[in-house]
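Residue-level structure breakdown
Now for the letters of each chain:
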Amino acid sequence: MTGTKQLFGTNGVRGVVGELMRPELVLRIGQALGAMRPGTIAVGRDSRSSGAMLVHAMKAGLLAAGCDVVDCGVLPTPALQFIVRDRFAAGAVITASHNPPEYNGVKVIEPDGTEMGDEQVIALEERLASGEFALADWRGLGEEKDGSGLVDQYLDGILAHFPPGVGRGMTIAVDPGSGAACQTTPRLLERMGATVNAINREFDGTFPHRLPEPTPAGLAPLAALVQTTGAAFGVAHDGDADRAVFVDDRGRYVEENREFALVANHVCQRRQGMIVTPVSTSQLIEDVAAATGCSVRYTAVGSIYVARSMLALIGDGMQVAFGGEGNGGLIYPDHQFCRDGGMTAAMMVALLAETGRPLSELIDELPPYHFISEKKKSGRIREIVPAIIAAFPDHSADLTDGVRIAKEKTWALVRQSGTEPIVRVMVEAPDRAGAEALRDAVLAVIRPFLD
Ligand code: MG
């Protein structure tokens, strides 16, 4: 027993198709998952060219293990999570999220709709490593059912949170990027009453017009569409649409921490409690918490840690208002405990309808912060953490993931990467000079521990 994950990362298994991501591997994951979570399992995928091949391998493994399978087709990861919750023994999504087209992967969904946590993933990997799968005999094999209509439950689930027709009179530009949200987000916003103009709205696993990772450069056509159509905003997703990013009414890309702060402010004016977010998130969220009477609870970096912390806090009787990451992945605890890009697009409609003000104005009102991120070769975070604490005695120190020191509105984080032998250094301050000064001071402390 290794006690650590080998194959799965923070968001499932990912790799290049034909290298790590081969049908044999996914077949074995299906057999191991089927043995661990007997019952009916919902499967889905994003729009990648390798998706059909790998989803068939997943289904074969699950059926061989004696599970029934409901195939939900191509849909966003949060849609499958919504469908799985309280209705299925587990779920499996074939997706590589924001990775380039040659990648694919597997995310395993638990019956509560969250991604499988570390302990259970380790148990799953042990079954994979042992190579011993309890297969059903011919009488006990599973059956496959069509679940392609179930995605409507997800759209209905989002719409239930908003007044009918709240988007009436609003024009919105949408770029699903040929990915999983092609048949959800445009429909969702139309059902809210908005006029929708969309680009890249056909599934295409070659992602011919932009990569699955939404970037300011990749979203230039969306920004142009916003301006030519006079849209209130543009919204785009990553490949599996658990994240949403925005272009404002002036065609400017909205930095994702500012998006997070704007939506958190809207949610926390109605809902008190903690805002749960990784230690890498902007000071903007502390500002929102202070302004709305909420508080911030930090987690390790990774959306799964945010979602699981939210559930654990609620289990302990705490009030949780909101959760999310500064990358457009926002979690609405009265909706479901995972990042949801469709829900975030819908929330922006409600937010703008309620304020009656342009998105550009709301974003410009948020205080500016200067952010610096660097990476350095080192595997010595255990020595770096006490050195940082000793060097900054007048700062508070949070040891949730590496070390995060803070003083007033300036903070720095040093943490080990989960995937490479590097440490990441992040610094944020109200101005460039403050951020650079703290960055230089932190780098001076960690220099002896670099390779
Ligand atoms: Mg994603």
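Residues numbered from 1 in each chain as written. Predicted model: local features only at pLDDT ≥ 70, side-chain atom pairs only at ≥ 80, totals over all residues. Heavy atoms only, no water.

**Concerning the domain arrangement of the protein**
When the domains of the protein are assigned, the result is domain 1 (13–150), domain 2 (170–253), domain 3 (256–364) and domain 4 (370–449). At the interface, 13 residues of domain 1 touch twelve residues of domain 3. Both sides of the domain 1 and domain 3 interface together cover about 910 Å² of buried area, and 48% of this is carbon and sulfur. There are zero salt bridges connecting domain 1 and domain 3. Seen at the junction of domain 1 and domain 3, the total is six residue pairs in polar contact (both at pLDDT 80 or more). Ranked by residue count, the leading element in the side of domain 1 that touches domain 3 is helix H3 (residues 77–84), at three residues. Of the residues contributing to the side of domain 1 that touches domain 3, the split by class is three nonpolar, four polar and six charged. (Domains from an automatic or database assignment. Contact = heavy atoms within 4.5 Å. Buried area = accessible area lost by both parts, 1.4 Å probe. Salt bridge = Lys/Arg side-chain N within 4 Å of Asp/Glu carboxyl O. Polar contact = N/O pair within 3.5 Å; in protein donor to acceptor, adjacent residues only side chain to side chain. Helix = DSSP H or I, 4+ residues; strand = E, 2+ residues; numbered from the N terminus. Nonpolar A, V, L, I, M, F, W, Y, C, P; charged D, E, K, R; others polar.)

**Some remarks on the nonpolar core**
Phe162, Ile172, Leu189, Phe233, Val235, Val263 and Phe322 are the most contacted members of the largest nonpolar core, which has 70 residues in total. The greatest single-element share of this core, amounting to nine residues, is contributed by helix H11 (residues 341–355). Contacts of phenylalanine 162, omitting those with residues within four sequence positions, involve Met192, Met343, Ala346, Met347 and Ala350. Of all hydrophobic cores here, the second largest spans 29 residues; its members include Phe8, Leu25, Met58 and Ala90. (Core = buried A, V, L, I, M, F, W, Y, C linked by side-chain atoms within 4.5 Å. Buried < 20%, exposed > 50% of the residue type's maximum accessible area, 1.4 Å probe, protein only.)

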